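Now for the letters of each chain:
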Amino acid sequence: MRPKKNPKADLNKDSGLFFVIGLTIVLFLTWRALEYKTYETDNYVAEAMNVVDDIKENVPQTEQIKTPPPPPPPSAPEIIEVVDDTEEIEETIIESTEINQETVIDAVMEVDDVAVGEEEEDITVPFAVIENVPIFPGCEDMTTNAERKACFQKKVQEHVIKNFKYPATAAELGIQGRVFVQFVIDTKGYITSVRTRGPDSNLEKEAGRIIASLPQMTPGMQRGRAVKVPYSIPVSFKLRTN
């Protein structure tokens, strides 16, 4: 008997594919069966509340307290008694304060006899812009303001160098530095308002002493009037090492 099967046919060719498809379908049905849920039906009862619009409340009656009326004011006495003055009162005479023509004339005459003095106000003008700078003794021969400024600065430096003394305490401690000194040349040419600022009080004191010993000068002039002139100068204190 001849076999009907084709020897070239491969029956296991697509068996793997069909197995995977069948397995997928089985897993899907199993997942849906597990996820399937049923819910119980609840019977809800709707209740309605009757609300009455007009609510009548019984307000308790309160008793009103009656206060007695205030007493009437006392009546004035029918008979007025007159008391005689037993003491004599001295009358004070008040002079009239009215001003007449004679009073005004007398007041004017008194004012004319009083001497009124004019109070001069001190004016401060910086050294850099003043018309006529203060003249240091020895700079009188200078004619221009620029020459007097240069001579003034030179004389002040010479005065500082000549009168310079290093403080002993500062020298022992090795203190050195620069002290800024500010002073004012007043309207009479004297040195006033000396202020110092430096690294040590001993150095400040010595620098103030040197500047305070400056001689009297010819005061600075602004528009023909003596004025105050502020000026500042640094004084350097430096120790020499051998």
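Look a little higher up for the structure.
Conventions we followed
Residues numbered from 1 in each chain as written. Predicted model: local features only at pLDDT ≥ 70, side-chain atom pairs only at ≥ 80, totals over all residues. Heavy atoms only, no water. Helix = DSSP H or I, 4+ residues; strand = E, 2+ residues; numbered from the N terminus. Buried < 20%, exposed > 50% of the residue type's maximum accessible area, 1.4 Å probe, protein only. Contact = heavy atoms within 4.5 Å. Core = buried A, V, L, I, M, F, W, Y, C linked by side-chain atoms within 4.5 Å. Expected span 1.5 Å × (residues − 1). Phe/Tyr/Trp six-rings, centres within 6.5 Å; stacked < 30°, edge-to-face > 60°. Patch = residues over 30% accessible without salt bridge, like charges linked within 9 Å, V, L, I, M, F, W, Y side chains within 5 Å. Areas by Shrake-Rupley, 256 points an atom, 1.4 Å probe, with all protein chains shown as cover. Salt bridge = Lys/Arg side-chain N within 4 Å of Asp/Glu carboxyl O. Pairing = 2+ DSSP bridges. Axes fitted to C-alpha atoms, helices over the stretch in contact; angles between N-to-C directions. Polar contact = N/O pair within 3.5 Å; in protein donor to acceptor, adjacent residues only side chain to side chain.

*Asks:* Honestly, the overall build of the protein in this entry has me stumped. Any pointers?
*Replies:* For the protein, the count of helices and strands is five helices and five strands. Along the chain direction, N to C, the helices and strands of the protein fall in the order α-α-α-α-β-β-α-β-β-β. Expressed as a percentage of the 242 residues in the protein, the buried residues total 18%. Put simply, of all contacts in the protein between residues at least 6 apart along the chain, 68% involve residues at least 24 apart.

*Asks:* How do you make sense of the environment of Lys165 when you look at a structure like this?
*Replies:* Within the secondary structure layout, Lys165 lies in the loop between α3 (145-162) and α4 (168-173). The class of Lys165 is exposed, set by a relative accessible area of 57%. Separated by 38 residues in the primary sequence, Lys165 and Leu203 have C-alpha atoms spaced 9.9 Å apart. Those residues within four positions of Lys165 in sequence are excluded, and the remaining contacts are Glu206 and Arg209.

*Asks:* When you look at the nonpolar core in this model, what are you seeing that I'm missing?
*Replies:* Generally speaking, soluble globular proteins have nonpolar side chains that are buried together. Core analysis: the biggest nonpolar cluster contains 30 residues, and Phe152, Phe183 and Ile211 have the highest contact counts within it. Listing elements by their share of this core, those giving two or more residues are α3, β1 (177-185), α5 (201-212) and β5 (229-237). For this core, the element with the most residues is β5, which contributes five residues. Apart from residues lying up to four places away in sequence, Ile211 is in contact with Val160, Val181, Phe183, Ile191 and Ile233.

*Asks:* So what exactly am I meant to see when it comes to α5 here?
*Replies:* Each α-helix winds once per 3.6 residues, and so residues spaced three or four apart point in a common direction. For α5, which comprises twelve residues, the first-to-last C-alpha distance of 16 Å matches the rise-based estimate of 16 Å (1.5 Å per residue) to within 8%. Turning to α5, its buried residues number three or more, namely Leu203, Glu206, Ala207, Gly208, Ile210 and Ile211. Elements in contact with the buried residues of α5: α3, α4, β1, β2 (191-197) and β5.

*Asks:* Before we go on, may I ask you to explain the packing of aromatic side chains in this structure?
*Replies:* Both the distance between ring centres and the angle between the ring planes are used here to describe each pair of aromatic rings. All told, the structure shown has nine aromatic pairs when counted by the stated rule. Relative to Tyr231, the ring of Phe152 lies with its centre 5.1 Å away and its plane at 80°, an arrangement referred to as edge-to-face. With Phe152 in helix α3 and Tyr231 in strand β5, the pair connects residues that are 79 residues apart, well separated along the chain.

*Asks:* Sorry if this is basic, but what is going on with a nonpolar patch on the surface here?
*Replies:* Taken together, the side chains of Leu17, Phe18, Ile21, Ile25, Phe28, Leu29 and Trp31 define a hydrophobic patch exposed on the protein surface, amounting to about 770 Å² of accessible area. You can see Phe18 is positioned in helix α1 (residues 15-35).

*Asks:* For this particular structure, what's the right way to read the pattern of salt bridges?
*Replies:* Between side chains of opposite charge, a pair can form when the charged atoms approach closely. Tallied over the full model, the rule gives one salt bridge. Its salt-bridge partner being Arg209, residue Glu206 comes within 2.6 Å of it at the nearest N-O pair. Separated by three residues within a single helix, Glu206 and Arg209 lie in helix α5, roughly one turn from each other. On the accessibility criterion, Glu206 (11% relative accessible area) is buried. Relative accessible area serves as the criterion here: at 37%, Arg209 is assigned to the partly exposed category.

*Asks:* Quick question: what am I supposed to make of unusual backbone geometry here?
*Replies:* In most cases, non-glycine residues show a negative phi, while peptide bonds are predominantly trans. Positive phi is not limited to glycine here, since Ser193 has a value of about 55°. Looking at the secondary structure, you find Ser193 in strand β2. In the Ramachandran plot, Arg223 falls in the positive-phi region, its phi being about 60° despite a non-glycine side chain. By relative accessible area, Arg223 is classed as exposed at 74%.

*Asks:* Where do I start with the sheet that holds β1 in this structure?
*Replies:* Strand pairs in the sheet, formed through backbone hydrogen bonds, run parallel or antiparallel to each other. Overall, antiparallel pairing links the three strands, which are arranged β2-β1-β5 in an open sheet. Strand pairing shows two members of the sheet lacking a second neighbour, β2 and β5, which therefore form its edges. Each strand of the sheet is rotated relative to its neighbour by a mean of 20°, with strand direction disregarded. Against the sheet, α5 engages β1, β2 and β5, with an angle of about 35° to β1.

*Asks:* I'm lost on the environment of Lys155 in this one. Help?
*Replies:* Here Lys155 shows up in helix α3. C-alpha separation for the pair Lys155 and Leu214, spaced 59 residues apart in sequence, amounts to 9.8 Å.

*Asks:* What is the right way to read the side chain of His159 from this model?
*Replies:* Mapping His159 onto the fold places it in helix α3. Reaching out from His159, the side chain makes a polar contact with the side chain of Ser213 at a distance of 3.0 Å. In this view, His159 contacts Ile210, Ser213 and Leu214; residues no more than four positions away in its chain are not counted.

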